[in-house]
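Structural overview for review
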Amino acid sequence: MDTALTRLVGVRHPVVQTGMGWVAGPRLVSATANAGALGILASATMTLDQLRDAIREVRSRTDAPFGVNLRADAADAGERVSIMLAEGVRVASFALAPSPELIARLKAADVVVIPSVGARRHAEKVAAWGADAVIVQGGEGGGHTGDVATTVLLPQVVDAVGIPVVAAGGFFDGRGLVAALAYGAAGVAMGTRFLLTSDSTVPDAVKRRYLAAGVRDVTVTRAVDGLPHRMLRTELVTSVEGSGRARTLLRAVRHAAGFRRLSGLSWREMLHDGLALKHGRELTWSQVLLAANTPMLLRSAMVDGRTDLGVMASGQVAGVIDDLPSCAELVERIMKEAEEVLEDLRASR
């Protein structure tokens, strides 16, 4: 299926696997790429050496295009870009809007820049700065999210910018892909759907928890890090929501210390990242610490399999997913469904 997205990044199908921390590693990204979609490697939870090794591992597994996701506000964002450029990565995605200088640096090296946005004004801003495309996530999406539904946000952004728009939030099948194309999108991006594949390294116990969830088991809470965060309702979420300030601060310090050891970041760097999220928001210091080390909470579930202690970011689509196909099976199924829907629409005209 030929769209502005497939032409821009050189993939066969207009489907993107998003850069989920602790989830989107070399195995999932390469499996996605080999299936003809765009796999995005999540770098925020990796050290610089781990990022370099991960890029090389993906390269050893596939000849297809893939990308790397970065936190534009991270203290070492420039160093991560240097690694990407040295290793020949051709697509850079961002969870937050990158600066004009960072976009210019990437574009000077012929790297495709695709920020993720949650509002029309953000899409307009990065488009004016030179971004090649945007991923637009509606409120249905997992992780940090907004409160505007994809069906409202997507057409707003499509009408506002002249670059390819990729729709995210609520997509999991071929019907959704056709709907996004009808709105004017150039493709869809999916996180939870790719997390729930046989190629995902997420522990089986965690996958079972996702598969057992209904639509109402996916919630949005500010209790974890002070920002709206869509996730499965777990024991941890309930506990944090009911905790007092002292207990929350103690938990934040403990998790922050753990993530600092794993990431190799200094306390100064971690506080820099947490304060970047605090900018313009009313966050307590315990929330700043939690915002800086939310990856540690995700790791507890996505790596260690602790469904009782970890955060399980999730789109609402978790409530309608009931299987674990391979990436190849998933992408083939989505494209087949999309073609069938398009044929039915043509036949009904």
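Heads up: these notes are all about the structure in this document. Please read these numbers as outputs of a predicted model, since none were measured by experiment.

The subject of this paragraph is the overall build of the protein chain. Per the secondary structure count, the protein chain includes 15 helices and 11 strands. Counting all 349 residues of the protein chain, 54% fall into the buried class. Taking all contacts inside the protein chain whose residues are at least 6 apart in sequence as the whole, residues at least 24 apart take part in 61%. Counting only carbon and sulfur atoms, one obtains 51% of the accessible surface of the protein chain, whose full area is about 14,700 Å².

The next thing to look at is helix α7 (residues 150–160). For α7, the full list of buried residues reads T150, L153, L154, V157 and V158. Taken end-on, α7 shows its buried residues confined to a sector of 130 degrees, consistent with a single buried face. Elements that come into contact with the buried residues of α7 comprise α6 (120–129), β6 (134–137), β8 (165–168) and α8 (174–183).

Turning our attention to helix α10 (residues 204–212). Within the sequence span of α10, burial applies to V206, K207 and Y210. Buried residues of α10 fall within an arc of 100 degrees about the axis and therefore sit on the same side. When the buried face of α10 is taken as reference, the exposed residues oriented beyond 90 degrees from it are D204, R208 and A212.

In this section: the nonpolar core. Ranked by size, the top nonpolar core spans 58 residues in total, and within it Y210 and M302 carry the most contacts. Of all the elements, helix α15 (residues 327–348) adds the most residues to this core, at 6 residues. If near-sequence neighbours (up to four positions away) are discounted, Y210 is found in contact with T192, L195, L196, L232, M302, M312, A313, S314 and A318. In terms of nonpolar packing, the next biggest core, distinct from the first, is built from 23 residues, V29, L51, L102 and L106 among them.

To continue, consider the sheet that holds strand β10 (residues 218–221). If you walk across this open sheet you meet the 3 strands as β7-β11-β10, and the pairing is antiparallel. Sheet topology places β7 (143–144) and β10 at the edges, where each strand pairs with a single neighbour. As defined by bridge partners, β7 adjoins strand β11 (residues 229–232) across 2 bridges and the pair is classed as antiparallel. Each bridged residue has a counterpart across the sheet, and for G143 the counterpart in β11 is R230.

Reading guide: rules and limits
- Residues numbered from 1 in each chain as written.
- Predicted model: local features only at pLDDT ≥ 70, side-chain atom pairs only at ≥ 80, totals over all residues.
- Heavy atoms only, no water.
- Helix = DSSP H or I, 4+ residues; strand = E, 2+ residues; numbered from the N terminus.
- Buried < 20%, exposed > 50% of the residue type's maximum accessible area, 1.4 Å probe, protein only.
- Contact = heavy atoms within 4.5 Å.
- Areas by Shrake-Rupley, 256 points an atom, 1.4 Å probe, with all protein chains shown as cover.
- Arc of directions from axis to C-beta.
- Core = buried A, V, L, I, M, F, W, Y, C linked by side-chain atoms within 4.5 Å.
- Pairing = 2+ DSSP bridges.

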